[in-house]
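Coordinate analysis (summary)
The chain contents come next:
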Amino acid sequence: MACPDQKSPNVLLQNLCCRILGKSEADVAQQFQYAVRVIGSNFAPTVERDEFLVAEKIKKELVRQRREADAALFSELYRKLHSQGVLKNKWSILYLLLSLSEDPRKQSNKVSSYATLFAQALPRDAHSTPYYYARPQSLPLNYQDRNAQSAQSAGSMASSGISSISVYALNGPTPTPQSLLPGQSYQAPGVGDCLRQQLGSRLAWALTAGQPSLQSSTSKGLPNTVSRNVPRSRREGETSGNVEITEANLVRDILYVFQGIDGKNIKMCNSENCYKVEGKVSLSKSLRDTTSRLAELGWLHNKIRRYTDQRSLDRAFGLVGQSFCAALHQELKEYYRLLSVLHSQLQLEDDQGVNLGLESSLTLRRLLVWTYDPKIRLKTLAALVDHCQGRKGGELASAVHAYTKTGDPYMRSLVQHILGLVSHPVLNFLYRWIYDGELEDTYHEFFVASDPTVKADRLWHDKYTLRKSMIPSFITMDQSKKVLLIGKSINFLHQVCHDQTPSTKMIAVEKSAESPKDAADLFTDLENAFQGKIDAAYFETSKYLLDVLNKKYNLLEHMQAMRRYLLLGQGDFIRHLMDLLKPELARPATTLYQHNLTGILETAVRATNAQFDNPEILKRLDVRLLEVLWVISASDMKVIFWVSPGDTGWDVFSLDYHVDGPIATVFTRECMSHYLRVFNFLWRAKRMEYILTDIWKGHMCNAKLLKCMPELSGVLHQCHVLASEMVHFIHQMQYYITFEVLECSWDELWNKVQQAQDLDHIIAAHEVFLDTIISRCLLDSDSRTLLNQLRAIFDQIIELQSAQDVMYRAALEELQLRLQFEEKKKQRELEGEWGVTTSEEEEENKRIREFQESVPKMCSQLRILTHFYQGIVQQFLILLTTSSDESLRFLSFRLDFNEHYKAREPRLRMSLGTRGRRSSHM
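Note that this is a predicted model, so its numbers are computed, not measured.

Procedures and definitions
- Position numbers for residues start from 1 in each chain and track the written sequence from start to end.
- For a predicted model such as this one, the threshold for reporting local features is a pLDDT of at least 70, and the threshold for listing and counting side-chain atom pairs is 80 or more; totals across whole chains, interfaces and linings nevertheless cover every residue.
- For side-chain calculations, the full set of non-hydrogen atoms in the structure is used, while hydrogens and water are omitted.
- The secondary structure listing takes helices from DSSP runs of H or I that are at least 4 residues long and strands from runs of E that are at least 2 residues long, numbered from the N terminus.
- The buried label applies to any residue whose accessible area, calculated with a 1.4 Å probe on protein chains only, is under 20% of its type's maximum; exposed applies above 50%, and partly exposed to all values in between.
- Two residues qualify as a contact provided that any one of their heavy atoms is within 4.5 Å of a heavy atom in the partner residue.
- Under this scheme, a helix contributes an axis fitted over its contacting stretch, all axes are lines through C-alpha atoms, and angles between N-to-C directions fall in the 0 to 180 degree range.
- When the near helix sits turned anticlockwise from the far one by under a right angle, the crossing is termed left-handed; a clockwise turn instead gives a right-handed crossing.
- The classification used treats Ala, Val, Leu, Ile, Met, Phe, Trp, Tyr, Cys and Pro as nonpolar, Asp, Glu, Lys and Arg as charged, and all other residues, Gly among them, as polar.
- Expected helix span is taken as 1.5 Å per residue step, with the number of steps being one fewer than the number of residues.
- A residue's bend is the angle separating two fitted axes: one through the seven residues that end there, the other through the seven that start there.
- Put simply, a patch holds well-exposed residues, over 30% relative accessible area, that have no salt bridge, with like charges counted together within 9 Å and Val, Leu, Ile, Met, Phe, Trp or Tyr side chains within 5 Å.
- Using the Shrake-Rupley algorithm and a 1.4 Å probe, accessible areas are obtained, with residue cover drawn only from the displayed protein chains.
- Whenever Lys or Arg places a side-chain nitrogen within 4 Å of a carboxyl oxygen from Asp or Glu, that contact is recorded as a salt bridge.
- The predictor's confidence in any single residue is recorded as pLDDT, a number from 0 to 100.
- Take the buried residues of types Ala, Val, Leu, Ile, Met, Phe, Trp, Tyr and Cys, join any two whose side-chain atoms come within 4.5 Å, and each joined set is a nonpolar core.
- Only when DSSP finds a minimum of two bridges between them are two strands counted as paired.

**Brief notes about the side chain of Lys 303**
Positionally, Lys 303 belongs in helix α12 (residues 285-312). Residue classification places Lys 303 among the buried positions, given a relative accessible area of 19%. In this view, Lys 303 contacts Ala 382 and Asp 386; residues no more than four positions away in its chain are not counted.

**Remarks on the packing of helix α32 (residues 838-881) against helix α33 (residues 886-895)**
For the pair α32 and α33, interaxial distance at closest approach is 7 Å and the crossing angle is 145°. Considering the relative orientation of α32 and α33, their crossing is left-handed. Contacts between α32 and α33 involve Phe 876, Leu 877, Leu 880 and Thr 881 from the first element and Leu 888, Arg 889, Leu 891, Ser 892 and Leu 895 from the second. Class assignment for the residues of the contact of α32 with α33 results in six nonpolar, two polar and one charged.

**Side note on helix α29 (residues 713-755)**
Across its 43 residues, α29 extends 61 Å between first and last C-alpha, which sits within 8% of the 63 Å expected from 1.5 Å per residue. Within α29, the axis deviates most sharply at Leu 742, by approximately 25°.

**Quick word on a nonpolar patch on the surface**
Residues Val 86, Leu 87, Ile 93 and Leu 97 make up a contiguous nonpolar surface patch of roughly 350 Å² in combined accessible area. On the accessibility criterion, Ile 93 (37% relative accessible area) is partly exposed.

**Observations concerning the confidence of the model for the chain**
Mean pLDDT over the chain works out to 78, with 76% of the residues at or above the 70 mark. The low-confidence segment residues 105-241 (pLDDT under 50) makes 253 contacts with residues lying over four places distant or belonging to another chain. Here residues 354-358 is a poorly scored stretch, pLDDT under 50, and it has eight contacts once near neighbours within four places are set aside; other chains count.

**A short note on the nonpolar core**
With 198 residues, the main nonpolar core has Phe 573 and Trp 683 as its most contacted residues. Among the elements that take part in this core, α29 stands out by supplying 16 residues, more than any other. Discounting residues that sit within four places of it in the chain, Trp 683 has contacts with Leu 568, Ile 574, Leu 577, Met 578, Leu 581, Leu 585, Trp 650 and Phe 653. Core analysis: the second largest hydrophobic core is formed by 11 residues, Val 54, Ala 55, Ile 58 and Leu 62 among them.

**Observations regarding the pairing of strand β3 (residues 274-277)**
Side-chain alternation along β3 places Tyr 275 and Val 277 on a buried face and Cys 274 and Lys 276 on a face that remains uncovered. The pairing of strand β2 (residues 266-269) with β3 spans four bridges and is antiparallel. Pairing of Lys 267 across the sheet is with Lys 276, part of β3. Two successive antiparallel strands, β2 and β3, enclose a turn made up of four residues, where Asn 273 displays a positive phi of approximately 55°.

Okay, here's the thing in structure tokens:
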């Protein structure tokens, strides 16, 4: 026999035993074997580190001994101890007291206690550390190798690939081992500390691999294990043909399969993806079916373990994914605790032999009963793993939440526990966002996304958006929009409004989900507690933001300024501005200078009630000449208006209002483009009213002067009638625009703004206001034909003004010549001369005849103008009657209230109700 290495661990351990007991190697064989088991143990005490549980056990023990007074005294002393912070490790003190209270001379009947344990069911408090550690690199890892090496010493060591497991009392702390004296039968070994566990396993493997002779010699000390090893030797022997194995060997293989390790006779079949008993093994059908049912746990374990091993090291999986893996690891840990208890029972049977009897031995049927609940848990976890493949972040939380909608309370409680762990990072993201406005989402797991390239002026509109795929199913879309709005408001205050007020002053910060248990408790009351937190943060943050915008940045005052100046609501200012601008705007557009117009604007402000406005508002008011104007239409098509060479100042002039800072979030560039379009339309309509007023003034002033020219009576009457038609049309259009469009829309906007709960409500109401104005002022793409007809009517009004000016100029010139001729004639008569000569009279009559001949031309021009105007108005009325907008159909009724145009156009003779029905079918 080869001489063993004097420095090997097993030799050193044997020398230590000889030194302590003072005996030879042959006499300390049994104690040496016990020492190997102690050091090689991989299991910790079964007592949980629960201070309250140990205190309850002490009180129960006192009550069992009929010492109720001592139990009450202990409760009072424990209460005082618990209230004081002197001791940090109270559990260790209580555990020591409980251990000292036990009688070390009392022989505990471990066989009967374990028989009782496994004859019924596993207790809830039977816990131990799972078998999971790094194996030494120098030791054989193959199952068959380990069994082959240990087959020579099947008696004493009884090694099963997992280190020997200590036996512990079920209802108390770990008992103190008996003295290791030669004449005594050893009790169950104690528990080594964590630093000795790996060393112990190395020693056990080394002893198994390197000293078979020593193990054979020590096997004689345990005569009770011979009968248990008979089936094992048959299992580990050479197999030729069909081999019949015992149920005990199957149980041992199944315990390996539970951990995903191939047994000697049960191995993973890769083609069928399941564990199967080898075909050469002879088994009854019932045992084979039972083995297959039990082996399913190993397949489920491998599926879950494979997922966690792959994802645990993937950083891109994110915090939510890592929480899911941690939850799976926690469940596997509980599963390993069960396996440790089963291994300890199997080890106890190996140590005690067949004397345990059938009632306490491990069988396949008992394993089926004990693994029923773990199998359900593993199936649920495996289903979650399948359902969560390829998901991360909030999408992963939604996948887990979907499994809570089940009628099985056991499965629902398991999934809710996992959901509490998985959703904890999501809630941390959420509370950090709604209370601090911070978004630290490295792996894009949260349902709020941020675009760092967006500048501060577009922060509210473009920087923060919702990732709809990452919204957990337990958070509604309304809640997610509020969450987005809360954090966006905080960032808007800090970055755009430059308001550095802490969020604690804006929001009454409540306790967030500090642990997965808090998160799980929160999900039990989503409709109340969670909704209450979101609503409170939403209302308080939005209210603070609106207060800052209204008080510090005068948002409402700017909105009213838009109404007064760009929508022509300040009547006296607009009228006086037109009077001052009339000489300038009558000039060609290319001859205008903006600084001249700006000076006129300031003069108009100082001369009207506009001077009393806020200086901040007046500072923003400016003049703009529309050289090139970009406008975004309702169809989102960009249109360019170029100034043609023949345009006058009336065609290019517009007022402008400069916006910047936080108010630019409401009055965006698109909104200001809409305002400019509406201003140009209103300015043109206001100019038509201004022109018709001048036409009426000219008619009233010149009517008496031209009474002495009877040939002009028909022309003047015709001109007056046409001007009256135009005045009626413009007045009705102005009434429609001012009251039915602007005032009604403004009233709706103002009511919405006063009731707005957040900035988005104000922005949405303002956009609806502009869209309504553009649509009802015929500026949208659907009303382009109506707008063209209306502009043609405006052109006819300008034509009438030009024609009337020419006519009045010619008539007044003729009148002046006639008055001069008569004055000259009277002067000569006073001087005693002839009033006129024949040649002068002929010249005068010739000029009068020429003027009288020009009057029919004037009448013809007015008739043509009237015909064109009435034709355009009739076409405009036909378009109004077929419009889908009810207000436009009623406008057609007001424009033709006396049915003047209806008599001329057959298509206008249908009733108003018929028009509406017709338009509804178009």
